[in-house]
Structure formats: C-alpha cells, structure tokens
Amino acid sequence: KARIVYLGGTATNKDICKLQTMKLAPKLAPFAEPLLFVEGQHLCAEDNSQVPTMRQFFGEDAVLKEFAAVKIDEDGRRWYPTMDEACEYLERELGRLAPVDAIVGFSQGANFTSMLLARALKRRRGAVQPPRCAVLICPMRPGWIRRAPELFDAPIHTPTLIVRGATDDFAGAGPDGLAEAFASAERAEHPEGHRPMPAGKEAVQAHVARIADFVARHCTL
C-alpha cells in the first residue's frame, strides 16, 4: 500500500493533524497505509497570529508547533529565515518514514512541501527521493522562491494537486503564485476559507474524494 505523509500548518501538532484529516483517512484506506504525520520541531511563539485561533478550538494547553517562524516581505510574500534548517529537519523525518509515496501539505506544510520537492529534484544532499505525487492545500504566496532561486530555476515536474479555498483571504493568491513553479500542476478548490478540510458535509466529501482520486491515480498500479 502507498505510504502518505501529512504536513500540517502553523500552530498544530500530530494530534491536531489527525483530527483535521479524519475525513480523508477512510478515503485513502483502500490503497494506502494509515496517514503518517510529521509535526514541527519548534514551539510557536505566543504572539503568532494563528495561536489564539488554534487555542480556541483545541484548548489552552495544546502544544502548538511549526516548522519555521515566518517573515513577510515588502510584497506580502512569505519566506523563512531558517528555511534550510527546517527542510533538513523534514528530510531527516521523512527519511525515517521512507519510502514515502506522497506528501499532503496544508498551509505552512504545503509551502515546505514545495521546497522539499525542489530540493529532491535538485538532488540536494540529504534530500528525499522524489515522491510519486503531492497535494498542496491552501499554500501561501511564495516569497521563499525569491530567497532560493537556484532551487526553482526550472519547473517542478512532480505530479501535484494544488487546492485553494474559495474564500481563503489569508492565503490570497498563494495557490496561483505557487502553481507557477510547477510544470503542470492540477488545480482544485474547496468552497471555504483557510482550512485543510471544509466543514460542510457535501463539501468535505467532494474534497477528500478529489484528493484520494488524485493520489490513487499516481500511487497505485
């Protein structure tokens, strides 16, 4: 069965990610092992804008993590001063879980998935083997491409599905901007805002079916 790793957004942890993907897991089960999770190696600062929202939903005692602290450039694009360190951490963790057939990332997890794909195709030291496919849900505007142009000087050819939220003002044009880094990314949309899974019953069923169909197409014979 396929082995799929999920990388969550800022201010999450493995338990939160499991809850956020509980509707996706059954759709993947016929052809994949149970989802694997890699959580951030850093605690979120309490002034992180996502922390109050996540504490509202998951409690004041939740241990909230991220892969790297973010900076916003003059054009409103996101980048990470410790991008290399975060990528190396993720590559070590994914190496322990190898072989990885697909990566599904949301928000910051989607941002870093694009970096991991680029590093894999460039055969950076320690990089993971290129997965068969990737799903990027609500990625942000990619300032990190400007900071590492040598990684993104050629299109990424890994089969990739990029999903935007129809009312996602937080990511804004992020999915469109990141799609430009790919040779031919498939595009999709769920009807809500900046969240990995929409809340509406019909919406979430359509969303998880679309993801499962895409991953199955690339990860099964």
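Let us look at the structure shown here.

How each quantity is defined
- Residues numbered from 1 in each chain as written.
- Predicted model: local features only at pLDDT ≥ 70, side-chain atom pairs only at ≥ 80, totals over all residues.
- Heavy atoms only, no water.
- Phe/Tyr/Trp six-rings, centres within 6.5 Å; stacked < 30°, edge-to-face > 60°.
- Helix = DSSP H or I, 4+ residues; strand = E, 2+ residues; numbered from the N terminus.
- Buried < 20%, exposed > 50% of the residue type's maximum accessible area, 1.4 Å probe, protein only.
- Pairing = 2+ DSSP bridges.
- Right-handed = clockwise from strand over helix to strand, strands pointing away.
- Axes fitted to C-alpha atoms, helices over the stretch in contact; angles between N-to-C directions.
- Contact = heavy atoms within 4.5 Å.
- Salt bridge = Lys/Arg side-chain N within 4 Å of Asp/Glu carboxyl O.

**Some remarks on the packing of aromatic side chains**
Then comes step 1: Counted under the stated rule, the structure contains four aromatic pairs.
Then comes step 2: Considering the side-chain rings of tyrosine 6 and phenylalanine 37, the 6.0 Å spacing of their centres and the 70° angle between planes classify their relative orientation as edge-to-face. Pair noted here: tyrosine 6 is in strand β1 (residues 4-7) and phenylalanine 37 is in strand β2 (residues 36-38), with a separation of 31 residues, a long-range link.
Then comes step 3: When its relative accessible area of 12% is taken as the criterion, phenylalanine 37 is described as buried.

**What to know about the pairing of strand β8 (residues 133-137)**
Then comes step 1: Within β8, five of the five residues are buried, which leaves the element mostly enclosed by the surrounding structure.
Then comes step 2: Burial along β8 is two-sided: Cys133, Val135 and Ile137 and Ala134 and Leu136, pointing in opposite directions, are all buried.
Then comes step 3: Two strands pair when backbone bridges link them, and strand β7 (residues 102-106) and β8 are joined in this way by five bridges, in the parallel orientation. When the bridges of β8 are listed, phenylalanine 106 appears paired with isoleucine 137.
Then comes step 4: Handedness of the crossover joining β7 and β8 through helix α5 (residues 108-121): right-handed.
Then comes step 5: Both β8 and strand β9 (residues 160-165) contribute to a ladder of four bridges, which runs parallel. In the strand pairing of β9, isoleucine 137 is matched with valine 163.

**Side note on the sheet that holds strand β10 (residues 186-190)**
Then comes step 1: With parallel pairing, six strands are arranged side by side in an open sheet as β2-β1-β7-β8-β9-β10. Of all strands in the sheet, those bounded by a partner on one side alone are β2 and β10. The mean inter-strand angle of the sheet, taken between neighbouring strand axes irrespective of direction, is 20°.
Then comes step 2: Packing of helix α4 (residues 83-97) onto the sheet brings it into contact with β1, β2 and β7, and relative to β2 it is tilted by some 155°.
Then comes step 3: Most of the contacts of α5 go to β7, to which it runs at about 140°, and overall it touches β1, β7, β8 and β9.

**A word on the pattern of salt bridges**
Then comes step 1: Overall, the coordinates contain 15 salt bridges when judged by the stated rule.
Then comes step 2: Between aspartate 153 and lysine 122 there is a salt bridge, with the nearest N and O atoms lying 2.5 Å from each other. Here aspartate 153, found in the loop between α6 (144-147) and β9, pairs with lysine 122, found in the loop between α5 and β8; they are 31 residues apart in sequence, far enough to count as distant.
Then comes step 3: Of the residues examined, aspartate 153 reaches a relative accessible area of 55% and is grouped as exposed.
Then comes step 4: By relative accessible area, lysine 122 is classed as partly exposed at 36%.
Then comes step 5: Here the residues in one salt-bridge network are Asp73, Asp75 and Arg146, joined through shared partners.

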